[in-house]
There are 2 protein chains.
Amino acid sequence: MSEIVSDEVLREKSIASRKARDRVAIIGSGNWASALSIIIGNNAKKYDCFENEIKMWVYEEMIECKISCVHPNGDFLYSTYLHGFKLPENIIACPDLVRCVEDADCLVFCIPHQFLPGVLNQIKHHVRPNTYAISCIKGVDHDENGRLRLITGMIYDELNIDCSIICGANVANQIAAGEFAEATLGYRVRDHAEKLQVLFNTPNFCVQLVNDPVGVEFCGSLKNVIALGAGFVDALGYGSNTKAALIRIGLQEMKKFAKMFYKGVQDNTFFQSAGVADLITTCWGGRNVRCAEAFARTGKSWEQLEAEMLNGQKLQGTTTCKEVYDMLINTQMDQEFPLMVTIYNIAYRGYDPKLILEGCRLHNGVPMTPYSMLTQE
Amino acid sequence: MSEIVSDEVLREKSIASRKARDRVAIIGSGNWASALSIIIGNNAKKYDCFENEIKMWVYEEMIECKISCVHPNGDFLYSTYLHGFKLPENIIACPDLVRCVEDADCLVFCIPHQFLPGVLNQIKHHVRPNTYAISCIKGVDHDENGRLRLITGMIYDELNIDCSIICGANVANQIAAGEFAEATLGYRVRDHAEKLQVLFNTPNFCVQLVNDPVGVEFCGSLKNVIALGAGFVDALGYGSNTKAALIRIGLQEMKKFAKMFYKGVQDNTFFQSAGVADLITTCWGGRNVRCAEAFARTGKSWEQLEAEMLNGQKLQGTTTCKEVYDMLINTQMDQEFPLMVTIYNIAYRGYDPKLILEGCRLHNGVPMTPYSMLTQE
């Protein structure tokens, strides 16, 4: 016991006496990266464990017109992503990806997941050995065989550094406006998580730590599949009972899926913001639910709906849905996940959207007890 | 092992060879009782373990005008509760409460909770010893000292019979219309639960069994308190992040409250329809959320809002909120439940509805790590 205490005291002393402050670099400059940079910039000014100045990687051609952070020449610029929000003055735009990361201690990844492999490839020989990372990327990737790949795993594999993840019921513009929200930070290394919590937490953005990065990441990706199902329910005009049942069953299948394919995923993670709260928000108003509603109502293709409704953005639920299905088929586990399989069948195999209820029913199974077998036929 | 198998075989044989069918009586005839009687009536016709004919206790003065079940004189009558739905012909209206219960094996309680003590008092000497019960009553009661009393506990205490409970995301009219929904049946005695599942389960009303009646009953009552908070958030115009956070924090406090005051309550119950699904439905459109929104927006009293908005019905969230608060104060546990306490303070002590966010923040607490203490002041 005394040993534990003295270890802790030593650690506190070593943290308190440290001279070095961690340098943070933000990789990305879209609307989510911009919203988070407001928080990160202000926290870096306030807390002693981070360098004040934070580099933000911005595509060269975007610096002039889109980002309201400090250009190397000292001008402030305004963002087309977050209308009306100016980024803190300690966020410095950096068009050179390698320069952005080479002296960083902490990398904050916040780019569309399809750009990640290229970015990792460019920086992999330029990251310092003790650097730690956090993924703010929504969505999952997949390898050439269509198998799901976790973003935190890709960052770890390519850069050989610890990577946490942050995820939750977080609509970017509401966060930038300072509306109250929560987020879940999934970590492997506690010391990194405690620093990252300091970097992200504010009175209006409450960050909770869970030692389950895989659970958090699965929540963030699988919710989009369930949102497709919620869109089908909306299109069919069913009431709140049915939609609540679909969300609940979806949460159960998400939990089961994550626990089946990865060890150590915890039930409690699904009670966090990244779990139940993000699923609720996503099923009530995200792009996946809106497009799925239109898909079931109009019969148009996903490509057409993306083009008409998303202004250049892509659906994540449809891609993840395919990957989940392939994984279930390859492992012969499809019978165990009737809701997710039904969503795939409606989304990609021309099944009637009404069958979404069948997916819910099958999840429940037929109660088989001595009593239920005694029918009057 | 062989002993267990043979026990099970014996049980199945004894169930299969039984001659007696259980008689069901429904105590109540409001809209929820009427919706459930459609399910119960049809299942009693189909399954061999129940008597076909089911008595439904109906106030004498209501028989003529309100209920579409069979009057003792053989006429069908229509319901003012469930417009357009006729109850199955095997549901027999019975104006005499004692006659309704005295030959019953299974009592289905479905009345407003404030009528329960009177009903129990009237029937307590007329219930057969091996009768079992189920509560479909929403809400909790309280004793003369304001302490919460569970409905299943009251039934058990007064009648000395086992009592299960059914609860979930179940809007009566949607259930009567046959829309897909789920429900959670919390039980103590497995054999009763298996019979009751047969009585209630249909392809569109999926009943799951959990061996945690107290957890189920707390879900059903505490959700109404959280819905008041959701109404305050709505009135303040906050977005989906904030509402999802409130719902999530509410679910966590519900779980913590139930586990703190009763042993054996299970985490998994809060993933069931009675937990997360019912909470979502209630926070998105129930009477508690609507009245709380009006309360925060207009400053009118609860009494006035009930009179104006509820057409004679009462709010359950406000009563439960008081009882929860009293229980927390009496046990000095109020610090542990900042959201529920804040909801009480807004509802009854004139606090500004904006403080609802403070309740959410306090739930999260301030992250205290060596890093967060190193500020630059």
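Up top is the structure these notes are about.
What counts, and where the lines are drawn
Residues numbered from 1 in each chain as written. Chains lettered and ligands numbered in written order. Predicted model: local features only at pLDDT ≥ 70, side-chain atom pairs only at ≥ 80, totals over all residues. Heavy atoms only, no water. Phe/Tyr/Trp six-rings, centres within 6.5 Å; stacked < 30°, edge-to-face > 60°. Helix = DSSP H or I, 4+ residues; strand = E, 2+ residues; numbered from the N terminus. Expected span 1.5 Å × (residues − 1). Buried < 20%, exposed > 50% of the residue type's maximum accessible area, 1.4 Å probe, protein only. Least-squares fit on C-alpha atoms with pLDDT ≥ 70 in both. Contact = heavy atoms within 4.5 Å. Patch = residues over 30% accessible without salt bridge, like charges linked within 9 Å, V, L, I, M, F, W, Y side chains within 5 Å. Areas by Shrake-Rupley, 256 points an atom, 1.4 Å probe, with all protein chains shown as cover. Salt bridge = Lys/Arg side-chain N within 4 Å of Asp/Glu carboxyl O. Axes fitted to C-alpha atoms, helices over the stretch in contact; angles between N-to-C directions. Parallel < 35°, antiparallel > 145°, perpendicular 65-115°, else oblique. Left-handed = near helix turned anticlockwise from the far one by under 90°. Nonpolar A, V, L, I, M, F, W, Y, C, P; charged D, E, K, R; others polar.

Considering all chains together, one arrives at 18 aromatic pairs over all chains under this definition. Each ring, one from Tyr325(A) and one from Tyr344(A), has its centre 3.6 Å from the other, and the planes form 5°; the classification is stacked. Of the two residues, Tyr325(A) is situated in helix H14 (residues 317–330) and Tyr344(A) in helix H15 (residues 338–348); the sequence distance between them amounts to 19 residues. Relative to Tyr348(B), the ring of Tyr344(B) lies with its centre 5.4 Å away and its plane at 35°, an arrangement referred to as tilted.

Residue and element names in this part refer to chain A. Between the first and last C-alpha of H14 there are 20 Å, a value that for 14 residues agrees with the 20 Å anticipated at 1.5 Å per step. Listing the buried residues of H14 in full gives Gly317, Thr318, Thr320, Cys321, Glu323, Val324, Tyr325, Met327 and Leu328. The positive-phi residue at the C-terminal boundary of H14 is Gln332, with phi of around 55°.

Between chain B and chain A, which share one sequence, the superposing operator has a rotation angle of 180° and an axial displacement of 0.0 Å; the RMSD is 0.0 Å. Such a turn and shift between the copies fits a two-fold axis. Here 100% of the contact residues of chain B are again contact residues in chain A; the copies associate through an equivalent surface.

Moving on, we get to a nonpolar patch on the surface. Together, Val366(A), Met368(A) and Met373(A) make up a nonpolar patch on the protein surface, roughly 360 Å² of accessible area in all. Residue position: Met368(A) is located in the segment after helix H16 (356–364).

Further remarks concern the packing of helix H10 (residues 240–261) of chain B against helix H11 (residues 273–285) of chain B. Residues and elements named next belong to chain B. Two elements in contact, H10 and H11, have axes separated by 11 Å at closest approach and are oriented at 135°. If you check the angle between H10 and H11, you find them oblique. The two elements H10 and H11 cross, and the hand of that crossing is right-handed. Of H11, the residues touching H10 (which contributes Lys243, Ile247, Leu251 and Met254) are Gly275, Val276, Leu279, Cys283 and Trp284. Class assignment of the residues belonging to the contact of H10 with H11 gives a composition of 7 nonpolar, 1 polar and 1 charged.

Scope: geometric values only; no functional claims are made or implied.
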